[in-house]
Amino acid sequence: PVNYSITYPRTIELVNSGTLVIRPTFIIEGSATSLTLAMNGKSFSLPSFLNVTYEVNGENYTVKKNGANDLKSMTGDFLELMPGVNQLSISGTSLNFNLSIIYRYRYL
């Protein structure tokens, strides 16, 4: 996984060295108000949260909040990493969380 400490809106470059589109898992631990992650024309948002852990799993299409199923809290789409360089845009207010992005390259 790649890990980032997020305290302000920013864009992160992610590289998919495989040949197939992959849907990463995002682990979000901490607090934020109106958080949105966007990449390749898709985005998802989470409601305001304080000291919680979200797991947004694109492969399984699941969202967990502190380990419990919570798909209803997410609005938008599961994000996709295209082969090559991708720009992940992180926006919102009161951002104070650790972001882990987990994915494996896939090949045809």
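Check the entry above for the structure.
Description of the structure in this document. Keep in mind the model is a prediction, meaning the values are calculated, not measured.

Conventions we followed
Residues numbered from 1 in each chain as written. Predicted model: local features only at pLDDT ≥ 70, side-chain atom pairs only at ≥ 80, totals over all residues. Heavy atoms only, no water. Helix = DSSP H or I, 4+ residues; strand = E, 2+ residues; numbered from the N terminus. Contact = heavy atoms within 4.5 Å. Phe/Tyr/Trp six-rings, centres within 6.5 Å; stacked < 30°, edge-to-face > 60°. Buried < 20%, exposed > 50% of the residue type's maximum accessible area, 1.4 Å probe, protein only. Polar contact = N/O pair within 3.5 Å; in protein donor to acceptor, adjacent residues only side chain to side chain.

## Structural notes on the environment of A38
(1) Moving on: Positionally, A38 belongs in strand β3 (residues 25–39).
(2) Moving on: Between the alpha carbons of A38 and V52 there is a distance of 21 Å; along the sequence they are 14 residues apart.
(3) Moving on: Excluding residues that lie within four positions of it along the chain, A38 makes contacts with S43, L79, Q87, L88 and S89.

## Examining the packing of aromatic side chains
(1) Moving on: Summed over all chains, the structure comprises four aromatic pairs.
(2) Moving on: Taking 6.2 Å as the distance between ring centres and 55 degrees as the angle between the ring planes, the aromatic pair formed by Y103 and Y105 counts as tilted.
(3) Moving on: Judged by relative accessible area, Y103 falls into the partly exposed class, the value being 22%.

## Looking at the side chain of S31
(1) Moving on: Along the chain, S31 turns up in strand β3.
(2) Moving on: Owing to a relative accessible area of 10%, S31 belongs among the buried residues under this scheme.
(3) Moving on: Of the polar contacts made by the side chain of S31, one reaches the backbone nitrogen of N51; its length is 2.9 Å.
(4) Moving on: The contacts of S31, once residues within four sequence positions are left out, are F49, L50, N51, S94, L95, N96 and F97.

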